[in-house]
Amino acid sequence: MQEFNYDIVVIGAGHAGCEAACACAKLGSKTLLITMNMNTIGQMSCNPAVGGIAKGQIVREIDALGGEMGKVTDNSSIQFRMLNKSKGPAVWSPRSQSDRKKFIEEWIETLTHIDNLYLWQDTATKLIIKDNKICGVETALGVKVHCQAVVLTNGTFLNGLLHFGEVQIKGGRIAEPSSYFLTEQLKALGFTTGRLKTGTPARLDKRSIDFSKLVEQKGDEDRRKFSFSDIQQKSLKQMSCWITYTNTQTHEELRKGLSFSPLYNGQIKSIGPRYCPSIETKIVTFAEKEAHQLFLEPEGVDSNEYYVNGFSSSLPLEYQMNALHTIEGLEHCILYRPGYAIEYDFFDPTQLYHTLETKIVQNLFFAGQINGTTGYEEAAGQGIIAGINAHRKINRQSEFVLKREESYIGVLIDDLVTKGVDEPYRMFTSRAEYRILLRQDNADLRLTPKGMEIGLVDSYREQLFQYKQTAIKNLEDFLSNQTIKPNEINVFLESIQESPIHQPSKLSDLILRPNINIFSLTAQISALQNYVDNIERVQNEVMEETEINIKYKGYIEREQITINKMHRLENIKIPHNIEYSTILSLSTESRQKLDAIKPKTILEASRIPGVSPNDINVLLVKFGR
């Protein structure tokens with residue numbers, strides 16, 4: 001048996017695995033990334049897009065920490081949109097359509113230019129464990145890799161099973177094999193595992209679509225980026241998405257196939273994502289609706305392939321085709337491949353610490369769909385945290401944990417390890433208690449100092465961050481001190497139906513008005529225009545951030561007061577070896593939950609479902625208020 005030696009092994013080169021491997025290697029660990037297929041690294045298994053509601057915030061946080069997903073997305077972007085712009089900045093969310101092929105190429109180029117990072121095409125079949133501690137990995141090709149830590153990011157490949165109606169094919173993705181043996185080994189060690197389901201729609205040939213019947217959805221004219229870096233992104237042709245709708249005839253065709261649907265005939269027993277249901281689930285759950293919106297998304301600049309967002313299905317092929325042919329614009333559509341469902345193994349994430357290290361086996365980390373999540377962004381967010389902590393653990397450094405009030409990644413991981421999952425977990429802005437602080441625009445201000453501290457942010461990004469920080473402060477000072485006279489601004493105010501001013505006013509006071517933004521104000525005031533012209537780098541980011549800080553100052557300060565109160569509970573530690581079964585004043589459910597999850601602080605305990613306020617009071621009395 002051939003043997004190799006590495007510091008860390010990352011298994012799986014999806015979104016979680018790529019970020020984990022990059023983090024480990026950039027921090028200095030000799031890292032091996034094992035993938036079953038070198039040609040599908042960073043594959044977008046479902047829709048060809050990154051970001052969206054809350055997900056876009058996660059991508060910007062990954063970038064702020066020193067991760068790569070934002071740059072890969074920017075360099076493969078064929079459409080960018082900022083979602084929720086009609087609402088407050090707390091829920092603005094960037095989203096980018098990507099060229100699927102270019103996305104993979106960008107990831108491969110990124111990985112192959114990172115020192116300490118090596119790739120190996122193979123399948124991991126066994127973890128080498130001694131005294132409950134990771135020592136290495138064995139593969140299907142008979143290779144033994146000795147290492148100090150392993151990050152498992154297997155996605156949907158652990159015992160993956162594809163469903164095309166009654167037809168079942170073993171696989172992690174269409175035309176790609178499943179991964180076996182690891183689940184069984186981990187179950188034997190005491191890990192709790194389960195099965196989840198996800199799905200994907202049919203892919204259509206562009207040449208068979210009648211776009212004249214569809215509604216065009218273009219990207220934003222002011223094309224933005226995910227990455228906070230000021231490096232020029234690669235410019236690809238920008239493409240539109242297209243909107244159409246199902247109808248009553250579509251639903252009737254789908255109902256004809258329900259008895260053959262794996263979701264309804266008992267063939268699939270696992271739970272699918274609530275917030276991304278299949279089209280057959282939609283017509284059953286929302287039987288009163290006569291139409292469901294669909295988005296046709298281009299797969300790439302040089303591809304004729306289109307993704308039908310909103311039409312995931314595991315019905316037999318003939319029912320999918322018949323239903324699609326009833327939809328306006330798709331009457332004569334030709335399929336590249338049908339939609340399908342996939343069942344796969346996951347592990348109960350309450351078996352993890354907040355570092356994503358498992359509680360049962362030391363130096364073994366889980367990240368991505370193996371933890372019960374869904375989505376590229378959620379996976380990548382876990383990947384970078386697992387990679388950072390794997391490196392820090394083997395180098396005897398303190399753990400790296402993001403708190404709920406610091407990031408969406410912190411919310412995601414805290415939800416997973418304290419609450420667990422009973423369905424595929426998807427991030428929403430509503431899951432974050434402190435949304436006004438966790439905006440997409442300030443992710444670098446929140447997290448780049450942490451990336452700098454641990455050594456994941458390079459010196460160029462550090463200089464850019466410090467420049468931006470200073471520029472924001474200086475612009476805020478300028479706006480707070482600069483005054484404007486009535487005769488210099490009233491014509492403009494009246495043109496936008498704003499009340500005129502009657503005495504000299506600070507520019508910052510004008511920005512407080514809801515119908516005025518810093519960009520429109522700059523166009524009217526020469527002194528302000530001259531000032532911002534001297535902001536040499538990331539000018540738009542500086543202006544936007546400054547405006548938000550001024551407009552929402554009261555809300556931001558109020559959330560910070562709430563956070564400070566919560567920190568009091570965080571400072572009360574709970575001994576790891578506490579026997580909850582002996583604290584009879586706790587409810588039975590609370591004792592069981594606390595014993596299983598073993599929270600480190602009173603604050604963590606308060607977030608566990610089934611632990612009541614009365615139980616928290618008991619813990620406060622025992623461990624000191």
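Residues numbered from 1 in each chain as written. Predicted model: local features only at pLDDT ≥ 70, side-chain atom pairs only at ≥ 80, totals over all residues. Heavy atoms only, no water.

**Concerning helix α12 (residues 459-481)**
Residues three or four positions apart in an α-helix share a direction because the helix packs 3.6 residues into each turn.
Right, so step 1: A rise of 1.5 Å per residue sets the reference length of α12, with its 23 residues, at 33 Å; its end C-alpha atoms lie 33 Å apart and thus fit the reference within 8%.
Right, so step 2: Near the N-terminus of α12, the side chain that reaches the backbone nitrogen of Y460, with its oxygen 3.3 Å away, is that of D458. (Helix = DSSP H or I, 4+ residues; strand = E, 2+ residues; numbered from the N terminus. Expected span 1.5 Å × (residues − 1). Polar contact = N/O pair within 3.5 Å; in protein donor to acceptor, adjacent residues only side chain to side chain.)

**Considering the packing of α12 against helix α16 (residues 526-533)**
Right, so step 1: With their axes 11 Å apart at the nearest point, α12 and α16 run at an angle of 170° to one another. By the angle class used here, α12 and α16 are roughly antiparallel. Side by side, α12 and α16 meet where N474, L475, F478 and L479 of the first sit next to A527, L528, Y531 and V532 of the second.
Right, so step 2: Class assignment of the residues belonging to the contact of α12 with α16 gives a composition of seven nonpolar, one polar and no charged. (Axes fitted to C-alpha atoms, helices over the stretch in contact; angles between N-to-C directions. Parallel < 35°, antiparallel > 145°, perpendicular 65-115°, else oblique. Contact = heavy atoms within 4.5 Å. Nonpolar A, V, L, I, M, F, W, Y, C, P; charged D, E, K, R; others polar.)

**A few points about the sheet that holds strand β6 (residues 93-98)**
In any sheet, the strands associate via hydrogen bonds between backbone groups, in a parallel or an antiparallel arrangement.
Right, so step 1: Taken together, the three strands give an open sheet; going across it, the order is β4-β6-β5, and neighbouring strands pair in antiparallel fashion. One side of each edge strand has no neighbouring strand; the edge strands of this open sheet are β4 (49-51) and β5 (77-83). Adjacent strand axes in the sheet meet at a mean angle of 15°, parallel and antiparallel pairs treated alike.
Right, so step 2: Sheet topology note: the β5/β6 ladder contains six bridges and is antiparallel. Bridge assignment links M82 to a residue of β6, and that residue is P94. (Pairing = 2+ DSSP bridges.)

**Describing the pattern of salt bridges**
Right, so step 1: Scanning all chains against the criterion turns up 38 salt bridges.
Right, so step 2: The residue E68 makes a salt bridge to K71 at a minimum N-O spacing of 3.4 Å.
Right, so step 3: Residue classification places E68 among the buried residues on the basis of a relative accessible area of 8%.
Right, so step 4: Notably, a salt bridge pairs K234 with E109, separated by 3.5 Å at the nearest N-O pair. Of this pair, K234 sits in the loop between β15 (215-217) and β16 (241-245) while E109 sits in helix α4 (residues 100-112), and the two are 125 residues apart along the sequence.
Right, so step 5: Given a relative accessible area of 38%, K234 falls into the partly exposed group.
Right, so step 6: Residue classification places E109 among the partly exposed positions, given a relative accessible area of 40%.
Right, so step 7: Within the structure, one salt-bridge network assembled from shared partners comprises R404, D414, D415, K419, E433 and R607. (Salt bridge = Lys/Arg side-chain N within 4 Å of Asp/Glu carboxyl O. Buried < 20%, exposed > 50% of the residue type's maximum accessible area, 1.4 Å probe, protein only.)

**Some remarks on the side chain of T429**
Right, so step 1: Locating T429 in the fold gives a position in the loop between α10 (408-419) and α11 (443-454).
Right, so step 2: Those residues in contact with T429 that sit more than four places away from it in its chain are I53, A54, Q57, A90, V91, Y408 and R435.

**A word on the sheet that holds strand β8 (residues 124-130)**
Right, so step 1: A sheet is described by the order of its strands in space; here four strands give the open sequence β1-β10-β9-β8, paired in mixed fashion. Each edge of the open sheet carries a strand with a single partner, namely β1 (2-5) and β8. Averaged over all pairs of adjacent strands, the angle between their axes in this sheet comes to 25°, without regard to strand direction.

**As for the pairing of strand β3 (residues 31-35)**
Right, so step 1: For β3, a buried count of five out of five residues is recorded, marking the element as mostly surrounded by other parts of the structure.
Right, so step 2: Neither face of β3 is open: one carries T31, L33 and T35, the other L32 and I34, and all of them are buried.
Right, so step 3: Alignment of strand β2 (residues 8-11) against β3, held across four bridges, turns out to be parallel. Paired with V10 across the two strands is L33, which belongs to β3.
Right, so step 4: Where the polypeptide runs from β2 across helix α1 (residues 15-27) and back to β3, its parallel neighbour, the crossover connection is right-handed.
Right, so step 5: The pairing of β3 with strand β7 (residues 117-121) spans five bridges and is classified as parallel. Along β7, the bridge assignment pairs L33 with L119. (Right-handed = clockwise from strand over helix to strand, strands pointing away.)

**A word on unusual backbone geometry**
Right, so step 1: In this structure, N116 takes a positive phi of about 75° despite not being glycine.
Right, so step 2: Along the polypeptide, N116 turns up in the loop between α4 and β7.
Right, so step 3: The backbone of F181 shows a phi angle near 85°, a positive value even though the residue is not glycine.
Right, so step 4: Among the secondary structure elements, F181 is positioned in the loop between β13 (167-170) and α5 (182-188).
Right, so step 5: On the basis of relative accessibility, which here comes to 54%, the residue F181 falls in the exposed class.

**A few points about the nonpolar core**
Right, so step 1: Core analysis: the biggest nonpolar cluster contains 96 residues, and L127, V150, L152 and L364 have the highest contact counts within it.
Right, so step 2: Those residues within four positions of L152 in sequence are excluded, and the remaining contacts are I11, L127, L182, L186, L364, F365, F366, A367 and I370. (Core = buried A, V, L, I, M, F, W, Y, C linked by side-chain atoms within 4.5 Å.)

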